[in-house]
Amino acid sequence: MFIYLSKKIAIPNNTRLRCVSWNKDQGYIACGGEDGLLKVLKLETAQGKDAKVKGLAAPSNLSMNQTLEGHSGAVQCVTWNPLFHKLTTSDQYGLIIVWMLYKGSWYEEMINNRNKSVVRGMAWNADGQKICIVYEDGAVIVGSVDGNRIWGKELKQLQLAHVEWSPTGKMLLFGMTNAEIQIFDNGGNFIGKLQVYCLANVTGAIQLAGIQWYNGVNGYVEPGCPCLAICFDNGRCQIMRNENDDNPVLIDTGMSVVEIAWNHVGAVLAVAGSQKTSNSDKDVNVVQFYTPFGEHLRTLKVPGKHMYSCSWEGGSLRIALAVDSFIYFANIRPDYKWGYCSNTVVYSFMKPDRLEHCVVFWDTKNNERYIKYVRNLISVTAYGDYCCLATRSEDQQGQYVLVLCNSIGTPLDSKYIEIDPAYIAMTKSHIIAASKEAFYTWQFKNPKNLATMEMSGKRKAGAERLYHIDDVPSGAGGELVDFSKAFVETQDPICCICASDKTLIVGRESGTLNRYQMPLVSLSHKHLLNCRPHQLSLNCSSARLAIIDISGVLTFFDLDTRYTDANGQEVTGEHLKFERKDVWDMKWAEDNSELFAMMEKTRMYIFRNLDPEEPILSSGYICQFNDLQIKSILLDEIMKDPENPNKDNVIEMEIKSLRDSRDLLEKVGIEDAQQFIEDNPHPRLWRLLAETALEQLNLKVAEQAFVRCKDYQGIEFVKRLGNLQNDSMKQAEVAAYFKRFEEAERTYLDMDRRDLAVSLRKKLGDWFRVVQLLKTGAGGGDDVQLEEAWNAIGNYYADRQKWQQAVTYYLQGRNQERLSECYYMLEDYSGLEKMVANLPENHRLLPEIGHMFVTVGMCEPAVEAYTKCTRVKQAIDACVHLNQWNQAIDLAKKHNVKEIDGLLAKYAQHLLEKDKKLNAIELYRKASRYLEAARLLFDIAKVEADKKSKPMRVKKLYVLAALLVERYHEHMKHSSRKGKDKRSETTSALAGLLEEDVTSLSDTKIIDNAWRGAEAYHFFLLAQKQLYDGYVDLAMKTALQLTEFDDMMDPADIYSLLALTASANRAFGGCSKAFIKLESLENIQEERKEQFEELALEIFTRHAPKDTRSNKTECPNCDSLMPDWSSMCSSCDTKFPTCIVTGRPLMDYQFWMCSTCKHRAYEDQIANRQTCPLCHSMV
């Protein structure tokens, strides 16, 4: 920041001032002094000829100068309540007056006089609802804004001197005359004493100079930054994060302090008082400025004998100082975090509701804003097309990040560094960051040069370098960056840096300049200045260096000048005698090494070779100087509403030679102006001459001027104009050249050259106007041109994703390709299907439309689109992709595509690898690979059976597998029959069976025993149902049938069921055999065997192991008797089928057979059933 005295107001009758206070919201200044002096002043910008000048540069006059009468003694305390427009004042006799604003003047509203003691402090809380008044004798009064007393208290044996509210209004700090500070709650209850650390090892009488607790209403510099400042008259100060902070920032100002004050964002603490000069005993009035972290920013010396008070303006751009009988005003030029790149102003500010810095990228050309929130932002630096944001890393202590961004805030690259980037400079290829002890250079990749784009990962040798300020780098080699050497102390720290493509200058506190050659970073020279530099800037040729020192003096240093000094030594570099004071900003011209602009107080001066032009009133920050034009940004104005920057705050100024040339061209003529420009040549002046000559159709002068400013396009344009015969045509072309398109079009139409007007609008891309011109022309316009215009308008809407409007224009323009894209984006698939139907065969769009259908899962339309352009393979792939295997196989067979088998196998394998067996089964089934599907189902059924799943589930799985085998049989017969119409049905069926026999040798077991698993679980379930229904004999006979399926089921389950049903049927002989079988099983546990033995013992001790009844029946084949449960005759070995309804052997010649599973049942048993008990197909 920079500060300078700008104004002085004298108080009448030389009345000495005691206090001053600036209303932060309305801008009123209250000052109190001896003999009851109380004035309210207001400074307002003068409205007149300089109305365009804004900010601090605008002339200001006193719009209010009211003397308030009511005090008789010296007014010692004034405090504002800006929220309620009130002023509270008190004098040396303890009289308190509250003043209110009424119709533009201040009037007495309330008065209070305790007549006992003097008021030492008054403070309003943050919301303006309460005021706390402290008296020297220890009395405390807290009142409300409407004048009512809330509470009062007498603090015994305490002498009060100061009071301050906490930001939340929940606590009060009372400062004592003995320099002690006590903490009370807002009800007047004592909490504790505030620990003072800054008075360690200090003796003698000390008084408290001020307590200031910033309330955070405008946000904080960074989260958790110190905000409670306590200062003593001996110059010792401490800044705390809160009232309990045991590690505050400690400052020794070395001055006698009278008052302290925070600025409006808590970023700067002003400490006002006096200081003894080194060479005399005389005291000098000074104001020192500190950051919340104790860093000294500036010192302002103020004339006068004694300073009493200081107060900031609401926006912290000015500070008022009460000195003797004067109010001095000082202007502050803050160090905003800002930069300028590629027509974009990048600036940051704090929001009260957010912890991050809000960084705004404001494109001044298009007036577009891009906002980025950045935590722990340190600085913003910009150059060319890019800017660098320096931030403090949150992850690790002592780590910092440099982020390279483009002009819309997109991060392009970043680097983590371990030095504090206190100073940053930037060129078109390098970012240089410096701490107090070392500097780091990073050669970043230019994103515009795609050939150099690489992944930024490992640190590359040469791309990054780090040097300690005391090193002497030669520039050779590219050693890896070692940050440890950056922490070595130096006697002469870095205080500023600047860089160009050729040179890097590092300024040191002693005045030494280290000069390095870029990009090798080799130390070439050391120069010595007779001042401490604060800001450095190299001109465009890197031959001259501008230096602004810490006191705001601008000087120059010629880097390459050689001269012989008094000792006869040749010296490189000369510090020029030129000097300007109170300079706070400067900028070299980008295209002229002798031109520069500088800001001196509230004036901008432009110098050509150290000769100044007339100053211009301005308080803007210079962001660009080229083409004899200066662009300046009124950041002070922008910061009043930073989220809505206004183009009025961008000021463009022309230098004198450009203004003079323009005046000559307007008032005198081209010839004189040309002579003036010859004498003061510059490409911008030649371009101005060329443009004026073009307007006057003076092509000869225009061509010469374009040649002088090296504008090849301009030369070509002049030549083209020279070939035109018609002056109206030339004027139209010139109007178009200067972007006055309406005028050019009007001229073309007046000449009846509608075609040229259409051509102009086409070049501009104004297709709506093209359509209007074509339609209003004779004959309604050219169809080809109209179609082109309709399509261009369609593109306009499509680019903005307004697909429905685009469809309307593409239909008129018959643009099938873009129309299909719009239909797809609108999900209008019926429109796409109509397009497929209307397009001719083998049209190039058909494959694209087919792909669109595939992406949304519409198989039929996709196949139709692909087959219409004879892309059968893609149609099959689409079916496979969408799991439409039937259709895929039909297509493959129809078009004799043989790759389907491999694809099928591959897909099935993929599903099996992912353990999606049911999906694979469905795939095989749809593809008519029934045997493979059945095999997988049998595997699943086996697994479920081993897991002892529900028998009904296992039966269903086996039935499904068996049904697939039946489908396989049918498929084989059908496939062999197909296409052989001449053969008889029997022959072809036989051929199918033979073919099946050959193909399934490996699958004999599955084919032959397809229903065996289903039968086993069917009889298992049937036996249990019969048992539970009370048909114990039938249950036993069914269980006996199960004994043939011990390869499909667990024998323990089979024989357990048989033992149960036999004992229930009192057939203890069969029961005994079942127990013998159970006890002889090898794969059951010993414990279970013992249980079987115990149960058998219990049963057969009660019942003899004999069947109580033994029913016999005749064998229908040999008439011999056999047990009625046996399914095989022991005499003739005839095997009888089993009835699937009852589980009994089927001995009748009349029976029912299922058409699906070929299993049989008694006709009378099946008569009342609708489905087959085994396969559940309809009867």
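Residues numbered from 1 in each chain as written. Predicted model: local features only at pLDDT ≥ 70, side-chain atom pairs only at ≥ 80, totals over all residues. Heavy atoms only, no water.

Naming follows an unreviewed UniProt entry, where the chain appears as WD repeat-containing protein 35 of Owenia fusiformis. Heading Function (unreviewed entry) of the UniProt record for the chain holds this comment: "As a component of the IFT complex A (IFT-A), a complex required for retrograde ciliary transport and entry into cilia of G protein-coupled receptors (GPCRs), it is involved in ciliogenesis and ciliary protein trafficking. May promote CASP3 activation and TNF-stimulated apoptosis." (UniProt positions renumbered as here; feature names shortened; annotations may be inferred.)

Undergrad: Can you walk me through the overall build of the chain in this structure?
TA: Regarding its fold elements, the chain presents 30 helices and 60 strands. A compact globule built from 1179 residues would reach a C-alpha radius of gyration of about 32 Å, whereas the chain, at 50 Å, exceeds it by more than 25%. By principal-axis analysis of the C-alpha atoms, the chain measures approximately 150 × 105 × 70 Å. For the chain, with 1179 residues in total, the buried portion stands at 50%. (Helix = DSSP H or I, 4+ residues; strand = E, 2+ residues; numbered from the N terminus. Rg over C-alpha atoms; globule rule 2.2 N^0.38 Å. Buried < 20%, exposed > 50% of the residue type's maximum accessible area, 1.4 Å probe, protein only.)

Undergrad: In this structure, what is going on with the packing of aromatic side chains? I would like to understand it.
TA: Two numbers describe a pair of aromatic rings. These are the distance of the centres and the angle of the planes. In the structure shown here, the tally under the stated rule is 39 aromatic pairs. Taken together, a centroid distance of 6.1 Å and an interplanar angle of 35 degrees make the contact between F2 and Y4 tilted. Given a relative accessible area of 5%, F2 falls into the buried group. Look at F768 and Y797: their rings are 6.1 Å apart centre to centre, the planes differ by 85 degrees, and that puts the pair in the edge-to-face class. Here Y797 lies in helix α11 (residues 783-799) and F768 lies in helix α10 (residues 767-776), a separation of 29 residues in the sequence. Every member of this aromatic cluster is reached through a ring pair, and the members are F556, F578, W588, F596, Y605 and F607. Residue placement shows R333 over the ring face of W584; its charged tip is 4.4 Å from the ring centre. Over the ring of Y605 we find R580; its NZ or CZ atom is 4.6 Å from the centre of that ring. (Phe/Tyr/Trp six-rings, centres within 6.5 Å; stacked < 30°, edge-to-face > 60°. Lys NZ or Arg CZ within 6 Å of the ring centre and 35° of its normal.)

Undergrad: What am I meant to see in the nonpolar core here?
TA: Proteins that are soluble and globular tend to have nonpolar side chains buried together. Core analysis: the biggest nonpolar cluster contains 132 residues, and L832, I849, I876, W1011, L1042 and C1172 have the highest contact counts within it. Ranked by size, the runner-up nonpolar core spans 56 residues in total, among them I638, L685, L689 and A702. (Core = buried A, V, L, I, M, F, W, Y, C linked by side-chain atoms within 4.5 Å.)

Undergrad: In this structure, what is going on with the sheet that holds strand β40 (residues 464-468)? I would like to understand it.
TA: Note on sheets: strands pair through backbone hydrogen bonds, and any given pair is parallel or antiparallel. Spatially, four strands are ordered β37-β38-β39-β40 in an open sheet, and the strand pairing comes out antiparallel. Strand pairing shows two members of the sheet lacking a second neighbour, β37 (423-426) and β40, which therefore form its edges. Along the sheet, successive strands turn relative to each other by an average axial angle of 15 degrees, direction set aside. As judged from the five bridges shared by strand β38 (residues 430-434) and strand β39 (residues 438-443), these two strands associate in the antiparallel manner. The partner of I431 across the bridge, within β39, is W442. (Pairing = 2+ DSSP bridges. Axes fitted to C-alpha atoms, helices over the stretch in contact; angles between N-to-C directions.)

Undergrad: How should I be thinking about the sheet that holds strand β43 (residues 512-517) in this particular structure?
TA: Judged by pairing direction, the sheet is antiparallel, and its four strands sit side by side in the order β41-β42-β43-β44 without closing on themselves. Unpaired on one side and paired on the other, β41 (494-499) and β44 (522-528) mark the two borders of the sheet. Here the average twist between neighbouring strands, direction ignored, is 20 degrees. Both strand β42 (residues 503-508) and β43 contribute to a ladder of five bridges, which runs antiparallel. Directly across from L504, in β43, lies its bridge partner Y516.

Undergrad: Sorry if this is basic, but what is going on with the pairing of strand β49 (residues 583-588) here?
TA: Along a regular strand, successive side chains alternate from one face of the sheet to the other. The element β49 is largely enclosed, with a buried count of five among its six residues. The sheet contact formed by β49 and strand β50 (residues 595-600) spans five bridges and is antiparallel. What sits directly across from V583, in β50, is E600. Where β49 hands over to β50, the hairpin turn is made up of six residues, counted between the paired strands.

Undergrad: Whenever I open this one, the environment of K301 confuses me. Can you help?
TA: Within the element layout of this structure, K301 appears in strand β25 (residues 296-302). Given a relative accessible area of 61%, K301 falls into the exposed group. Between the alpha carbons of K301 and N285 there is a distance of 5.9 Å; along the sequence they are 16 residues apart. Not counting residues within four places of it along the chain, the set of residues in contact with K301 comprises L5, V284, N285 and V286. (Contact = heavy atoms within 4.5 Å.)

Undergrad: Sorry if this is basic, but what is going on with the side chain of T291 here?
TA: Mapped onto the fold, T291 is located in the loop between β24 (283-290) and β25. For T291, the residues in contact, after removing those within four places along its chain, are I239, A267 and L297.

Undergrad: What's the story with helix α28 (residues 1068-1080) in this structure? I'm lost.
TA: The end-to-end C-alpha distance of α28, which contains 13 residues, comes to 18 Å, matching closely the 18 Å that a straight helix rising 1.5 Å per residue would cover. Looking at the buried positions of α28, the neighbouring elements they touch are α27 (1051-1064) and α29 (1086-1100). (Expected span 1.5 Å × (residues − 1).)

Undergrad: Please clarify how the packing of helix α3 (residues 670-679) against helix α4 (residues 683-695) should be interpreted in this entry.
TA: Each pair of packed helices can be summarised by the angle the axes make with each other and by the distance between the axes. Look at α3 against α4: their axes get within 10 Å of each other, and the N-to-C directions meet at 165 degrees. What the angle tells us is that α3 and α4 run roughly antiparallel. The element α3 and its partner α4 pack so that their crossing is left-handed. Contacts from I670, Q674, I677 and E678 in α3 reach L685, W686, L689 and A693 in α4. Looking at the contact of α3 with α4, its residues break down into six nonpolar, one polar and one charged. (Parallel < 35°, antiparallel > 145°, perpendicular 65-115°, else oblique. Left-handed = near helix turned anticlockwise from the far one by under 90°. Nonpolar A, V, L, I, M, F, W, Y, C, P; charged D, E, K, R; others polar.)

Undergrad: What is the right way to look at unusual backbone geometry in this model?
TA: Most peptide bonds take the trans form, and the phi angle of most residues other than glycine is negative. Geometrically, the link from M518 to P519 is a cis peptide bond, its omega value of 0 degrees lying close to zero. Here the phi dihedral of N609 falls at roughly 55 degrees; this positive angle occurs in a residue that is not glycine. Relative to the elements of secondary structure, N609 occurs in the loop between β51 (603-608) and β52 (611-612). Residue class for N609 comes out partly exposed when judged on its relative accessible area of 39%. Phi at D627 is positive, roughly 55 degrees, even though this residue is not glycine. You can call D627 partly exposed: its relative accessible area is 25%.

Undergrad: I'm lost on the side chain of T1138 in this one. Help?
TA: By secondary structure assignment, the location of T1138 is in the loop between β58 (1121-1123) and β59 (1152-1153). Of note is the side chain of T1138, whose polar atom sits 3.3 Å from the side chain of Q1041. Dropping the residues within four chain positions of it, T1138 is found in contact with F1019, Q1041, G1143, R1144, P1145, L1146 and R1160. (Polar contact = N/O pair within 3.5 Å; in protein donor to acceptor, adjacent residues only side chain to side chain.)

Undergrad: Just to check I follow, could you spell out a negative patch on the surface for this structure?
TA: Together, E1086, E1087, E1090, E1093 and E1094 make up a negatively charged patch on the protein surface. With respect to the element layout, E1094 can be found in helix α29. (Patch = residues over 30% accessible without salt bridge, like charges linked within 9 Å, V, L, I, M, F, W, Y side chains within 5 Å. Areas by Shrake-Rupley, 256 points an atom, 1.4 Å probe, with all protein chains shown as cover. Salt bridge = Lys/Arg side-chain N within 4 Å of Asp/Glu carboxyl O. Lys, Arg positive; Asp, Glu negative; His and termini not counted. Charge placed at Lys NZ, Arg CZ, Asp CG, Glu CD.)

Undergrad: Mind showing me how you'd approach the packing of helix α13 (residues 816-826) against helix α14 (residues 829-838) here?
TA: Between α13 and α14, the least distance of the axes is 8 Å, while the angle of their chain directions is 150 degrees. One way to sum up the angle between α13 and α14 is to call them roughly antiparallel. Note on packing geometry: the crossing formed by α13 with α14 is left-handed. Of α14, the residues touching α13 (which contributes Q816, L819, S820, Y823 and Y824) are Y829, G831, L832 and M835.

Undergrad: What is the right way to look at the pairing of β24 in this model?
TA: Counting buried residues along β24, six of its eight residues qualify, which places the element largely inside the surrounding structure. Two elements, β24 and β25, share six bridges in a ladder whose sense is antiparallel. Across the sheet, residue V286 finds its bridge partner in β25, namely K301. Connecting β24 to the next strand, β25, in antiparallel fashion are five residues, including G294 with a positive phi near 90 degrees.

Undergrad: I tried to follow the pattern of salt bridges on my own but got confused; where do I start?
TA: Close approach of charged atoms allows side chains with opposite charge to pair. Under the defined criterion, the tally for this structure stands at 53 salt bridges. A salt bridge links E44 to K42, with the shortest nitrogen-to-oxygen separation between them at 3.5 Å. For E44, a relative accessible area of 37% gives the class partly exposed. Classification of K42 as buried rests on a relative accessible area of 16%. Put simply, E509 and R532 hold a salt bridge, and the shortest N to O gap is 3.6 Å. In this pair, E509 sits in the loop between β42 and β43 while R532 sits in the loop between β44 and β45 (533-538), placing the two residues 23 residues apart along the sequence. Residues joined in a network through salt bridges with shared partners are E742, E745, R761, D766 and R769.

Undergrad: Would you take a moment to explain helix α7 (residues 727-737) for this structure?
TA: Because the α-helix completes a turn every 3.6 residues, residues three or four places apart line up on one side. Burial in α7 covers these residues: M729, K730, A732, E733, V734, A735 and A736. The inward-facing, buried residues of α7 abut α4, α5 (699-708), α6 (712-722), α8 (741-750) and α9 (754-764). The distance from a side-chain oxygen at the start of α7 to the backbone nitrogen of S728 is 2.8 Å, and the residue carrying that oxygen is N726. Of the residues trailing α7, K739 is marked for its positive phi of about 65 degrees.

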